[in-house]
Amino acid sequence: MHKLAWRRYGPGSDGGGPPLVLLHAFPLDSRMWTDTIAALPQVPVLTIDAPGFGDSPDLGGGLEEYADAVAGTLGAVGVRRAVVAGLSMGGYTTLALAERQPGLLAGIGLLDTKARVDPPQARAARLQMAEAALGEQGAQVVAPMIDTLLGQTPPEEVRTEVSGWLTQAPPSGIAWAQRAMAAREDRLATLRQLDVPALVLRGAQDATASLADHEEMAAALGTDVVEVDGAGHLSAVEAPDQVATALADLHARAR
Ligand code: MLT
């Protein structure tokens, strides 16, 4: 079983209940959670870097293998149950984990993501980007994402920070993740079978995952959508305090 890079924050899991596991967006790494975690001092948090991103090794396969590696990594550090929350690609992976390891989940958080698959054109664009990332363009292929990741008027320092992360995205990780996301399955039915505390949250200006995408997931989970004003797709980077409040509430309900 592959092991992914992980980091622990906050109180030990004995004192604080099951850990809150945070899975990051594409093409970033766990640094995107820094400000959210700073606003969650009472919650035991564990971050995991996706295969080929941050400090994690490359991994073959798709999001299913990523989800299995998350379960394997948690098992290796003694975690049998966790509240798992993922943003965008992290959300797709959380859905795969819910399908493959439902007993692991004490709660689920789906942020700026969707349970449905991409239309054919979007899938083709992902495969094109994967090719381009492995060619001369390298990480430059993700530079234009700065205009779709953030809301309409992000603070300049947030834009600068996220642009910096985009330039550091590893080309092999970009290619792996785009192919994995292109091949992902529809997992709305998986959500209907889950019976754990849930959070479905989106930045109100998210240009990538729509309100309808979130309403569908929320209905399947028997909850409502939490919308964060003034934030786009990277809600946890743009509005870390509001996202931390919603995650702390999810964690409290799951304890
Ligand atoms: C992400 O933020 O992880 C990406 O926007 C996911 C995607 O490309 O669908």
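These figures come from a predicted structure and were not determined experimentally.

A. Broad picture of the sheet that holds strand S3 (residues 45–48). Spatial ordering of the open sheet is given by S1-S3-S2-S4-S5-S6-S7, a layout of seven strands whose pairing is mixed. Because the sheet does not close on itself, it has two edges, and the strands there are strand S1 (6–9) and strand S7 (225–228). The sheet shows a mean angle of 20° between the axes of neighbouring strands, taken without regard to direction. Direction of pairing for strand S5 (residues 105–111) relative to strand S6 (residues 198–203): parallel, over a ladder of four bridges. Bridged to leucine 111 within S6 is leucine 201. Against the sheet, helix H3 (residues 63–76) contacts S1, strand S2 (20–23), S3 and strand S4 (82–87), and its axis sits at roughly 135° relative to S3. Together, S2, S4 and S5 form the strand contacts of helix H4 (residues 89–100), whose direction differs from that of S4 by roughly 140°.

B. Representation of the packing of aromatic side chains in the model. Here the structure, examined in full by the defined rule, presents two aromatic pairs. With centroids separated by 6.4 Å and ring planes inclined at 80°, the aromatic side chains of phenylalanine 26 and phenylalanine 53 adopt a geometry described as edge-to-face. Of the two residues, phenylalanine 26 is situated in the loop between S2 and helix H2 (34–38) and phenylalanine 53 in the loop between S3 and H3; the sequence distance between them amounts to 27 residues. Overall, phenylalanine 53 belongs to the buried group, its relative accessible area being 0%.

C. Structural detail: the nonpolar core. Formed by 90 residues in total, the largest nonpolar core has its most connected members in Phe26, Ile108, Val162 and Leu191. A per-element tally of this core places H3 first, with seven residues. When near neighbours in sequence (up to four residues on either side) are disregarded, phenylalanine 26 contacts Phe53, Met89, Met129, Val142, Met145, Leu149, Ile174, Ala177, Gln178 and Met181.

D. Inspection of the packing of helix H5 (residues 120–134) against helix H8 (residues 171–182) at higher detail. One way to put it is that H5 packs onto H8 with a least axis distance of 8 Å and a crossing angle of 165°. Put simply, H5 runs roughly antiparallel to H8. As for the relative orientation of H5 and H8, their crossing is left-handed in sense. Contacts from Arg123, Arg126, Leu127, Met129, Ala130, Glu131, Ala133 and Leu134 of H5 reach H8 at Pro171, Ser172, Ile174, Ala175, Gln178, Arg179, Met181 and Ala182. Its residues placed into classes, the contact of H5 with H8 shows ten nonpolar, two polar and four charged.

E. Focus on the site of the ligand. Taken together, Ala25, Phe26, Ser88, Met89, Tyr92, Arg126, Met181 and His233 make up the full set of residues near the ligand. In the environment of the ligand, an oxygen atom lies 2.8 Å from a nitrogen or oxygen atom belonging to the side chain of histidine 233. With the chains in place, 92% of the 270 Å² that the ligand exposes on its own is no longer accessible. Class assignment for the residues of the shell around the ligand results in five nonpolar, two polar and one charged.

F. Summary view of the packing of H3 against H4. At their nearest, the axes of H3 and H4 sit 8 Å apart, and the two run at 75° to each other. Here H4 runs roughly perpendicular to H3, going by the angle between their axes. Two secondary-structure elements touch here, H3 through Leu63, Glu64, Tyr66, Ala67, Asp68, Val70 and Ala71 and H4 through Met89, Tyr92, Thr93, Ala96, Leu97 and Arg100. Residue classes in the contact of H3 with H4 are distributed as nine nonpolar, one polar and three charged.

G. Expanded view of the environment of alanine 25. Residue position: alanine 25 is located in the loop between S2 and H2. Each C-alpha atom of the pair alanine 25 and methionine 89 lies 4.9 Å from the other, and the pair is 64 residues apart in sequence. Ignoring any residue separated from it by four or fewer positions in sequence, one finds alanine 25 in contact with Met32, Leu87, Ser88, Met89 and Leu234.

Thresholds, definitions, all that
Residues numbered from 1 in each chain as written. Predicted model: local features only at pLDDT ≥ 70, side-chain atom pairs only at ≥ 80, totals over all residues. Heavy atoms only, no water. Pairing = 2+ DSSP bridges. Helix = DSSP H or I, 4+ residues; strand = E, 2+ residues; numbered from the N terminus. Axes fitted to C-alpha atoms, helices over the stretch in contact; angles between N-to-C directions. Contact = heavy atoms within 4.5 Å. Phe/Tyr/Trp six-rings, centres within 6.5 Å; stacked < 30°, edge-to-face > 60°. Buried < 20%, exposed > 50% of the residue type's maximum accessible area, 1.4 Å probe, protein only. Core = buried A, V, L, I, M, F, W, Y, C linked by side-chain atoms within 4.5 Å. Parallel < 35°, antiparallel > 145°, perpendicular 65-115°, else oblique. Left-handed = near helix turned anticlockwise from the far one by under 90°. Nonpolar A, V, L, I, M, F, W, Y, C, P; charged D, E, K, R; others polar. Near = heavy atom within 4 Å. Polar contact = N/O pair within 3.5 Å; in protein donor to acceptor, adjacent residues only side chain to side chain. Areas by Shrake-Rupley, 256 points an atom, 1.4 Å probe, with all protein chains shown as cover.

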